[in-house]
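# Tertiary structure, described
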Amino acid sequence: MKLIFSLCLTVCLFHAGFSQHAQKFTLVISNVNIVDATTGKIARNRLLAISGDTIQAVDDTKMVAKYKADRYLDGQGKYAMPGLWDMHVHFRGGDSLIAANKALLPLFLANGITTVRECGGDMTSSVTQWRQQTASGELAGPRIFTSGPKLDGFGAVWAGSLPVETPDQISKALDSLQKLGSDFVKIYDSKISHDAYLEIIRQAKKRGMKVTGHMPFTVELTEAAGLGMDGSEHLYYVFKACSAKEDSITALIRLQEHTDHPIGLFGALPALYNTYDSAKAKRLFKYLAEKHFTITPTLFITKTLVEIKETDHTKDSMLAYIAPGIQETYQGRVRGARRQSAESTQFTKKYDALCASLVPQMFAAGVNIVAGSDCGASNSFVYPGTSLHGEVKLLVASGLTPAEGLRTATVNGAKFLGIGKFYGTLQPGKCSDLILLTSNPLEDINAIDQVNVVLANGKLYTRDDLNALLATVKIQH
Ligand SMILES: [Zn+2]
C-alpha cells in the first residue's frame, strides 16, 4: 500500500534525527484550532506543516516563520480534524450506470469524506481503476477501499455477486478476490448456506483477509465472531444475538429453511424483539469487544427507508447531482414501502429505536463502531456525502458524544482495516487527509455540514474548488 509506505518512510526519517525546519513543506496551515476526537479536546492557534499525504509537524502558530512551504493557508477561526470515512458505500447498477457512479466521487470530497469503504457491487473493474486513479491523484475522489464482488450463494439477489457453496468454490472465489487486491471480504446473505458462510470465514482468516458482511439467520453471530470474523454490517445480526431465545429461533429458521414457507429475516424480527434480553446483550458486547469486532449500524438508511412513505424527496437539493439512471433505481424501495402495512411500518419504527439504543452500549463496551451510510444505487435518497453526515448525527442522537461520533467516522474505520495508527488525529507521521470546519464539531455535531477546506491525498480544495468540482457533476436539465 503506497500510503503506508510513504508514512513509514517519513516516521523513520524523523527517528533518524531529520530536521523538519530545514525542509520545505507542500502546505502550512496556520492559526487553526485542532480537534482531537480521541481526547475530546481542542488545541487552539496551532499550525500544521504538511508534505503530500503526511503531516510532518504540529506547532504553535507563533513559530510559523520557521516553516517554509509552497503554500500557506490561514485557518483563522476554523476547526481542523481528520477527513471523514464512509465505511459502507456501493457503486452499482450495471454497465450503463458506470459513468453515473463515477460522477458520485466528487460528492464525497465536497462533503469532507476523504475515504470510503466500498462494500460490493457489480462494477468491480471500474472501482479498482478509480481506487488506483484517486490514489495517484489522476481522479478527484476519496481513497477507496473495496471488497470487490460480494460472496453469496447460487441465485443471489445482487448482480455481480460471486456464488459459492463448496470449500473448493470458496477457495477459488477468495483467489479471485486476492488477485484483484480486495481490501476485505464482504459476505451477503440472500442465498448463502450456514456451512458455506462459516467456511468462507475460516478460509479468509487463514489467508489473513478481513471479513465482514450480512449474516444468514441460520448462523449465530458468536459462531462467526468465534471463527475470527471482523465485523457485521447493519444491526439485524447483533440484535438477533441479543435475544434470550436466539438458539430456538435459529433452530426453527434452520428447520424451515428449505420448506415452501421459510422464515425470512423480517419474519423473525417480532419474535426477536419480544425476547430481547439486556443482560445477554451486555455479555455479547463484552465478548465482541474482546474479539475487536466492528459494527456498522447504518442508522441513516434505516431511518430514510422507514420514513420513505411520509417524506417528500422531490425537492431534495442533492438530486441535482444524481443521474436519472440512479434516481430510477430509487423507485424500487419506494414501491416496496408502499406495499408495507401501516402496522408493519409501526413495528419497524419500534424495532429501529431499540436497535439504535444498542449503539452507545456497544460503544461503551469497546465494540468498534463505524459510521457507514450505505449510499449507492437502489438505496433511495441516501446521497453520497450528506448521508454520512446524517449517519454521524444519528449516532450522536443515539447517545454517543460528538467526539465519539467523530471517532466512528475517522479512526475507527482505519482500525477495521488494521491501519489505525496512521489515522484519527492530526499528529506528525499521520495521514494528512483533513478538513477545516467553520465551527466546533465537539460543541455541535451539525458543524460537520460546514466543510470549508478539504485536503485529500495531498491535494488542497478550498470551498470554491469544491463548488467548482460539484458544478462539473451537476445534472443538466
Ligand atoms: Zn450495503
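Every value quoted in this text rests on a predicted model; they were computed, and no experiment measured them. (Residues numbered from 1 in each chain as written. Predicted model: local features only at pLDDT ≥ 70, side-chain atom pairs only at ≥ 80, totals over all residues.)

Bringing the packing of helix H5 (residues 167-179) against helix H6 (residues 194-206) into the picture now. Running from amino to carboxyl end, H5 crosses H6 at an angle of 45°, the nearest separation of the two axes being 10 Å. Here H5 is positioned oblique relative to H6, judged by the angle of their axes. The element H5 and its partner H6 pack so that their crossing is right-handed. On the side of H5, the interface is formed by Pro167, Ile170, Ser171 and Leu174, while H6 contributes Ala196, Glu199, Ile200, Gln203 and Ala204. The residue makeup of the contact of H5 with H6, split by class, is 6 nonpolar, 2 polar and 1 charged. (Axes fitted to C-alpha atoms, helices over the stretch in contact; angles between N-to-C directions. Helix = DSSP H or I, 4+ residues; strand = E, 2+ residues; numbered from the N terminus. Parallel < 35°, antiparallel > 145°, perpendicular 65-115°, else oblique. Left-handed = near helix turned anticlockwise from the far one by under 90°. Contact = placed C-beta atoms within 7 Å. Nonpolar A, V, L, I, M, F, W, Y, C, P; charged D, E, K, R; others polar.)

Here the focus is the sheet that holds strand E15 (residues 231-233). Spatial strand order, E15-E16-E17: 3 strands in an open sheet with parallel pairing. If you trace the sheet from one side to the other, it starts and ends with E15 and strand E17 (368-369), each paired once. Where strand E16 (residues 294-296) lies against E17, 2 bridges are found, and the strand directions are parallel. Pairing of Thr294 across the sheet is with Asn368, part of E17. (Pairing = 2+ DSSP bridges.)

What follows covers the domain arrangement of the protein. With domains assigned, the protein is organised as domain 1 (2-82 + 426-472) and domain 2 (84-422). Between the C-alpha centres of domain 1 and domain 2 the distance comes to 31 Å. On the domain 2 side, the residues contacting the 28 residues of domain 1 number 29 residues. When residues of the side of domain 1 that touches domain 2 are traced back to their parent elements, those giving at least two are helix H1 (2-15), strand E7 (79-82), strand E19 (451-456), strand E20 (459-462) and helix H19 (463-472). In terms of residue count, H19 provides more of the side of domain 1 that touches domain 2 than any other element does, 4 residues in total. Among the residues making up the side of domain 1 that touches domain 2, the classes are represented as 18 nonpolar, 5 polar and 5 charged. (Domains from an automatic or database assignment.)

A few words now on H5. Taking 1.5 Å per residue, 13 residues should reach 18 Å; H5 reaches 18 Å between its end C-alpha atoms and fits that length. Ile170, Ala173, Leu174 and Leu177 are the residues of H5 that are buried. In a view along the axis of H5, the buried residues occupy a sector of 100°, so they form one face of it. Facing away from the buried side of H5 by over 90 degrees, the exposed positions are Asp168, Lys172, Asp175 and Lys179. Where H5 is buried, its residues contact strand E11 (151-152), strand E12 (162-163), strand E13 (185-187) and H6. (Expected span 1.5 Å × (residues − 1). Buried ≥ 20, exposed ≤ 12 C-beta atoms within 10 Å, placed from the backbone. Arc of directions from axis to C-beta.)

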